[in-house]
Amino acid sequence: MKNKPKNKQGNSKKVDQLTKVVKDYQEKPLTTNQGLLVNDTNNSLKAGERGSTLLEDFLLREKITNFDHERIPERIVHARGSGAHGFFELYEPIPQYSKAGIFNDTKRKTPVFVRFSTVAGNKGSTDLARDVRGFAVKFYTEEGTWDLVGNNMPIFFIQDAMKFPDLVHSVKPEPNREIPQAASAHDTFYDFVSLTPETLHNQIWLMSDRAIPRSYRMMEGFGIHTFRLINDKGEAHFVKFHWKPLLGVHSVTWDEAVKISGADSDFHRRDLWDAIEAGQYPEWELGVQIVPEKDEHKFEFDLLDPTKLIPEEMVAVQIIGKMTLNKNPENFFAETEQVAFLPGHIVPGIDFTNDPLLQGRLFSYRDTQLSRLGSPNFHQIPINRPIVETHNNQRDAHMQMAIPKGQTAYFPNTLGGGCPHLTKIADGAFEHYEEKIDAKKIRSRSKSFTDYYSQPALFYRSLSKSEQNHVADAYSFELGKCTHPHIQERMLYLIAQIDGPLSKKVADKLGLKVPKTVNKPINQAIGADVTDGRFEPAPKKNYLDQSPALSQANTKFDTVASRQIAVLAANGFSMKNFKAIKSVFGQDGAQLKIVAPHGGNIKCDENMEHPVDAAIMTTESVLFDAIYIPGGEKSIKALLKEGKYIKFINEGLKHCKAIAADGEAERLLKETFVMDHKNDTAIFINGKPAEFKKAVAHHRNWAREDKVKDIPV
Ligand code: HDD
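Predicted model, so just to flag it, every value in this text is computed and none were measured.

Calculation notes
Residues numbered from 1 in each chain as written. Predicted model: local features only at pLDDT ≥ 70, side-chain atom pairs only at ≥ 80, totals over all residues. Heavy atoms only, no water. Near = heavy atom within 4 Å. Polar contact = N/O pair within 3.5 Å; in protein donor to acceptor, adjacent residues only side chain to side chain. Helix = DSSP H or I, 4+ residues; strand = E, 2+ residues; numbered from the N terminus. Nonpolar A, V, L, I, M, F, W, Y, C, P; charged D, E, K, R; others polar. Buried < 20%, exposed > 50% of the residue type's maximum accessible area, 1.4 Å probe, protein only. Pairing = 2+ DSSP bridges. 1 Å grid on protein atoms, 1.4 Å probe; cavity = no way out; pocket = protein on both sides within 12 Å on 5 of 7 lines; lining within 4 Å. Points joined across faces, edges and corners; volume = space filled by probe spheres on them. UniProt positions renumbered as here; feature names shortened; annotations may be inferred. Donors = N, O, S within 2.8 Å, 3.2 Å for Na, K, Ca; no water. Axes fitted to C-alpha atoms, helices over the stretch in contact; angles between N-to-C directions. Parallel < 35°, antiparallel > 145°, perpendicular 65-115°, else oblique. Left-handed = near helix turned anticlockwise from the far one by under 90°. Contact = heavy atoms within 4.5 Å.

A.B. asks: Any chance you could break down the site of the ligand for me, citing the residues and the numbers?
C.D. replies: As a structural note, the neighbourhood of the ligand is formed by 22 residues, with R75, R115, R361, Y365 and Q369 the closest of them. The side chain of S364 places a nitrogen or oxygen atom 3.2 Å from an oxygen atom of the ligand. Here a nitrogen atom of the ligand sits 2.6 Å away from a polar atom, N or O, in the side chain of Y365. Counting residues per element, the ones that place at least two in the shell around the ligand are strand 3 (133–141), strand 4 (144–151) and helix 9 (356–373). For the shell around the ligand, the element with the highest residue contribution is helix 9, accounting for six residues. A breakdown of the residues in the shell around the ligand according to their chemical character gives 11 nonpolar, eight polar and three charged.

Now the structure itself:
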């Protein structure tokens, strides 16, 4: 299925459209909003030098008014995010499934704008919170805009949009004291989660490494809901969308996440920006899982239930195209903040299903843009404009940017020549899929949605040993932050339904016992979705022993592209050693960064000057993927004088990173715990640069983790 196009760059139609409204301020005079030239923007107009300020001062009023209104409401969820432009290319047409132009024309380079985000934190919160990551893609297609508004986890917490405000209110800072920021580790979240067992699947993903990614560029993306693809005969297939990063799926440790939040809370935002500026364009392949309509009921779970995934081992992911992000925004506010994603934005060839979460989302996103962006004309903001022309009779409202011409703003009309006119479906108009519905109006939930335990258990079973340990640690941390034992116990009971030993492990850390039976309050809680108890959880099933695709241990480990390698060096470092490493890593896009005792330049032992990338006082080991220490007697002596280098190396060791050292660098290692782990497969003392490179591509040596628990950093 793969006929991969070359990664051609260049401006997309969307970027060309945006370029027309980009304002360049270089060599331009300062003016007012009305175009008056200004000669003083430092002093207000006063009655006398020390006198009171005059109301007449329109320059002051304009400047201050604008400033007073600079902020718009932040997104109620996903407030903190980062975006980039790029394009999507199709490998091979899929007309048998969809008539969408984007899925049929391999010559197209469909422009995209992507926004990644955390969910719970405010706009200024840390990138490294334990959280789901938003993965929202706006495709500017020739047939109109399609938004695929997904996350980096393939399932969601709740099954019905009706519960979204409750979910969000429980995870957000508690309303009486606005604590904690960007964290799920608190009573209200676990109070809600433990009373709402449908959340358990997404909850265990939240405890996994997926919730602390190494980079936005190293996460998968998922459309989550089952959507429909419609072909030109009007036939439908169910579909789930997957984004697979070409760099593989990688995460940091929780200890690192906490420390990165202090050292650089913009870590993911900076990483995305820097990679694009460096020409290391992030890429994802788009995959589809296709299920024929006739197979809708063939699964052990309901395809309309957004808390369930279709294991890739049951329905393969077919890779159909690739997305490349190749341009940073010109202005954060105008583009990343004002971009508005709506799951309701679809194009002919793509349609919805009756997933009750999706159905509610179709209302919520348009509604929220009205308060966020202030007008139903938000589609006229440059980043939100489709690349095709729009004409309709919605001509007024706040901030109309165009001048709609003509006497008529209604349909049908004769006075406007019948325009804007309708288009036949055969000529490309959108047509809803004709789904047969014969139903009673009912406020309830399908019984087929009551299996809360099978898939969290499948997920946990599919993880590697170290991933499982991380889940246990994360539960222990999060529940350890809860102050009410009844909430902790309710959670332990539910975790035990997923996996007994896991719950026991967490209970031991909390100093509690796993409740053996469900007492009445818990029973009622589990049935709390409806009062008559019809929704008792279904017994746990095992329809698949393991799904290897769910474990990050089975991701790609074949590249060092854009990996950050700290080179610990001072004046007199060995050029020969450094050159050997550089020649192995350089051509594959790894970033070797000199971390020296001071800023400016340092000299190597061949007396050449080298720019320092970071002074040790400004950086931390958690900001790097690996550590290299070239020899050079003078250099090592200087490093030995700075205690922070020892901490730097010990931390790298504890976080299971690859470490290489040559020549005199061994003396520095003797001051660290590295010498106790000389036989570790990712530690190289006077080793081969090519082997070090392989270890860096492998991301982490998780097998080390249990052996370095005693290192006190
Ligand atoms: Fe949502 C934003 C993803 C369920 C209501 N959501 C938002 C964003 C992402 C998601 C990535 C940020 C978009 C951006 O970068 O601007 N949301 C999801 C996913 C869901 C989901 C994958 C389940 C599968 N969301 C969901 C429900 C509701 C909302 C059930 C309401 C009933 N989401 C919103 C919102 C936001 C939003 C309040 C806040 C800002 C915005 O829409 O534009 O309307």
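Next comes the rest of the description.
A.B. asks: I'd love a proper account of the pairing of strand 4, names of residues and values included.
C.D. replies: The buried count for strand 4 comes to eight of eight residues, which makes it a mostly enclosed element. The turn joining strand 3 and strand 4, which pair antiparallel and follow one another in sequence, is formed by two residues.

A.B. asks: An account of empty space enclosed by the protein is needed here, citing residue identities and associated values.
C.D. replies: For the coordinates displayed, the defined rule picks out six cavities of 30 Å³ or more. Empty space within the largest cavity amounts to approximately 190 Å³. Along its surface, the largest cavity is lined by 19 residues, and V119, D131, V132, F157 and V171 are the ones closest to its centre. Counting residues per element, the lining of the largest cavity draws most heavily on helix 3 (residues 164–171), which supplies four residues. Grouping the constituent residues of the lining of the largest cavity by class yields 14 nonpolar, three polar and two charged. One number sums up the size of the second largest cavity: a volume of about 130 Å³. Along the walls of the second largest cavity sit 17 residues, with P154, F222, H242, L309 and I310 positioned nearest its centre. Examining the composition of the lining of the second largest cavity, we find that three residues originate from one element, strand 7 (residues 236–245), more than from any other. Class assignment for the residues of the lining of the second largest cavity results in 10 nonpolar, three polar and four charged.

A.B. asks: Please set out the UniProt feature "domain: Catalase core" (unreviewed entry) in the protein residue by residue, giving values where relevant.
C.D. replies: As annotated by UniProt and renumbered to match this structure, "domain: Catalase core" (unreviewed entry) occupies residues 31–419. As annotated, residues 31–419 has a helix share of 21% and a strand share of 19%, and its two end C-alpha atoms lie 41 Å apart.

A.B. asks: Residues and numbers for the coordination of the iron atom of the ligand, please.
C.D. replies: The protein gives the iron atom of the ligand a lone donor atom, Y365 (OH), placed 1.8 Å from the metal. Counting through the fold element by element, Y365 comes out in helix 9.

A.B. asks: So what's going on with the environment of V514? Residues and values would help.
C.D. replies: Looking at the secondary structure, you find V514 in the loop between helix 13 (500–510) and helix 14 (520–526). For V514 and K504, which are 10 residues apart along the polypeptide, the C-alpha to C-alpha distance reads 6.3 Å.

A.B. asks: Now, about the packing of helix 15 (residues 575–585) against helix 19 (residues 689–697): what can you tell me, with residues and values included?
C.D. replies: Two quantities define a packed helix pair, namely the angle between the helix axes and the distance between the axes. The geometry of helix 15 relative to helix 19 is characterised by a closest axis approach of 9 Å and an angle of 50 degrees between their N-to-C directions. Classified by the angle their axes make, helix 15 and helix 19 are oblique. Helix-helix and strand crossings are classified by hand; for helix 15 and helix 19 the assignment is right-handed. Each of A580, I581, V584 and F585 in helix 15 lies in contact with helix 19, whose residues at this interface are P689, A690, F692, K693 and V696. Of the residues assigned to the contact of helix 15 with helix 19, the class counts are eight nonpolar, no polar and one charged.

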